[in-house]
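Chain residues, written in single-letter form:
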Amino acid sequence: MTGSSVIGPADRRRVREAAATVVDDAAAFTGDLVRERSVQGAEATAQERVAEALTDLGLEIDRLEADDVPGIEDHPEFADTDDSYDGRPNLSARVDGAGEGRSLLFNGHVDVVPEGDADQWSFDPFGGAIVDGEIRGRGASDMKGGLAAMIYAVEALERAGVSLRGDLILQSVIEEEAGGYGGSLATALAGPEADAVVIPEPTDFDCWIANDGVSYFRVTVEGKGAHAANTDSGVNAVAKLIPIFEALTDLHEERTETVHDELFERDGENTVSLNVGTVDAGEWPSSVPDEAVLEGRISHAPAEERAEIRRLVEETVQAAAAGDQWLEAHPPTVEWFGWRGSSARVAPDEAIVETVQSVVSDGFDHEPRAIGFPGGIDTRFFVNDADTPALCFGPGAHNIHGTDEYLPVDELEQAIASLALIAMAWCGYDRDDEAADADRAARQEGQQ
Ligand SMILES: [Zn+2]
């Protein structure tokens, strides 16, 4: 037996060879998962496929439904999604380590966004076919391929005769695309029992170590209705909304110049944004509109507090209304509604970040950048609610959330090998030389 957490070139080669021997099975399994149309609320059958794969690895499965977590509905990030959690479990399975190593959690979401107009696809969105080295269909890239990779990484380690010292936990969750309340929020609150979390979302083999926060808001402005023939006896709510729209646009511009987090600005992007997404007013050309409503989305940097952002938007709306007699008598209202996501940030020199970067840059011809992701990702629950460092690292994003989503099989293989090597470097490992020798002998025999 040899024990190490620094991976020698022979062990690295052995694991990469093992990944090459499991990738066809992993690709077929990804296709099986794609054929289960696991949109929000309908994850159960896909989870059963995952459960079968975990059982085939000889693992015991722990099922956690969101309703099993006491007080989850009081969590500030919980929002009611109208779907019952009954029969939609999150799955966890533990590969016991030999002891004295750090533990690691691989987490993947089994749910997918809907396919949109299927006629716009050039193949069956739920066909899961493997053609020209690509697994094709909704979820192949986001992230059934990543989910398959983390499961088959365990198989690859076994074939390579590697046993981990720390525990490795595999977790398959629901509802990420709809906010993750019943998925990773539930598993994080239940206690991940791991020293670090890696989520193989399609990151193009970069490390997403931070995400911004997101809030939705609605501004309602009152007018005074009147017949169009007597326009001047009414107060047009659209006219009253316009200065508020402009003030919010100015706020966006001001914030993009003053709020900075280097993790979000690697590609010349802004750290934060404010978008007015809908405007709704009036019912009929012959009436003066008596109400106008706009809805927007504002993001905030990890260093900012959500309460601070809310105050900023509310003060901006109030300031835009100041000096207008009508608006002073009929103050606009600001509501915060719907989906909201917290920001999170892991330090770039956190041990798990350095482990992933060094493992991948050593041999894959790619230097993973540590960057921020502008949107909600499940890592935030582990960082904020379970005090556990978490990052996303996985294969490429190919037409995700769009038409003709696919994942190249060679990226799946690289993901399997990377995840296996990350687990070895993080958890520490021993190599079973007897198994390795037997494996080598068997292969030589096969060649003769
Ligand atoms: Zn995803």
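Residues numbered from 1 in each chain as written. Predicted model: local features only at pLDDT ≥ 70, side-chain atom pairs only at ≥ 80, totals over all residues. Heavy atoms only, no water.

## Here's the deal with the coordination of the zinc ion
What counts, and what does not: Metal coordination here is assigned from N, O and S atoms located within 2.8 Å of the ion, or within 3.2 Å for Na, K and Ca; omission of water means that sites may look incomplete. Only DSSP runs of H or I covering at least 4 residues are called helices, and only runs of E covering at least 2 are called strands; the numbering of each starts at the N terminus. For the exposure calls, accessible area comes from a 1.4 Å probe over protein chains only, and a residue counts as buried if that area is under 20% of its type's maximum, exposed if over 50%, partly exposed in between.
Within the protein, His 109 (NE2), Asp 142 (OD), Glu 201 (OE) and Glu 201 (OE) serve as the donor atoms for the zinc ion, at 1.9 to 2.8 Å. Mapped onto the sequence, the residues coordinating the zinc ion show the spacing H-x32-D-x58-E. Remark: Asp 142 occurs in helix H3 (residues 140–159) and His 109 occurs in strand E4 (residues 104–109); sequence separation between them is 33 residues. Accessibility expressed as a relative area gives 6% for Asp 142, which makes it buried.

## Observations regarding the domain arrangement of the protein chain
Using the following cut-off: The domain limits used here are those given by an automatic or database domain assignment. By convention, the term buried area covers the 1.4 Å-probe accessible surface removed from two parts as they join, with the contributions of both added. Whenever a carboxyl oxygen of Asp or Glu lies within 4 Å of a side-chain nitrogen of Lys or Arg, that contact is scored as a salt bridge. Between N or O atoms, a polar contact is any pair within 3.5 Å; within protein, one atom must be a potential hydrogen donor and the other a potential acceptor, and residues adjacent in sequence are included only when both atoms are from side chains. Under the scheme applied here, ten amino acids are nonpolar (Ala, Val, Leu, Ile, Met, Phe, Trp, Tyr, Cys and Pro), four are charged (Asp, Glu, Lys and Arg), and all others, including Gly, are polar.
Domain assignment breaks the protein chain into domain 1 (2–211 + 343–447) and domain 2 (213–341). The C-alpha centroid of domain 2 is placed 39 Å from the C-alpha centroid of domain 1. Contact with domain 2 buries area across many residues of domain 1, yet Ser 343, Arg 345 and Arg 369 alone supply 34% of it, more than any other trio. For the interface between domain 1 and domain 2, the tally reads 1 salt bridge. Measuring nitrogen to oxygen at the nearest pair gives 2.9 Å for the salt bridge that ties Asp 261 to Arg 345. In this structure, the connection of domain 1 to domain 2 is made through 6 residue pairs in polar contact (both at pLDDT 80 or more). Contributions of two or more residues to the side of domain 1 that touches domain 2 are made by strand E10 (207–211), strand E17 (344–345) and strand E18 (370–373). The leading source of residues in the side of domain 1 that touches domain 2 is E18, at 4 residues. When grouped by side-chain class, the residues that make up the side of domain 1 that touches domain 2 number 13 nonpolar, 6 polar and 4 charged.

## Some words on the side chain of Asp 430
Structurally, Asp 430 is set in strand E21 (residues 429–431). Among the polar contacts listed, one links the side chain of Asp 430 to the side chain of Arg 165, at a separation of 2.9 Å.

## Side note on a negative patch on the surface
Quick reminder of the rule: What makes a patch is a set of residues exposed beyond 30% relative accessible area and free of salt bridges, joined within 9 Å when like-charged and within 5 Å when nonpolar (Val, Leu, Ile, Met, Phe, Trp, Tyr). Surface accessibility in these figures is a Shrake-Rupley result with a 1.4 Å probe; residues are shielded only by whichever protein chains are displayed. For the charge count, each Lys or Arg is scored as positive and each Asp or Glu as negative, with His and the chain ends excluded. Where a charge sits is defined by one atom per residue type, namely NZ (Lys), CZ (Arg), CG (Asp) or CD (Glu).
Residues Asp 67, Asp 68, Glu 73, Asp 74 and Asp 86 make up a contiguous surface patch of negative charge. Along the chain, Asp 67 falls in the loop between strand E2 (61–64) and strand E3 (90–95). Taking the relative accessible area as the measure of exposure, Asp 67 reaches 54% and is therefore exposed.

## Let's talk about helix H8 (residues 351–361)
To keep things clear, this is the line we draw: For this quantity, the arc is that covered by the directions from the helix axis to the C-beta atoms.
Within H8, burial applies to Ile 352, Val 353, Thr 355, Val 356, Val 359 and Val 360. Looking straight down H8, one finds that the buried residues subtend no more than 160° of arc, so they occupy a single side. In the segment just after H8, Gly 363 is the residue with positive phi, at about 125°.

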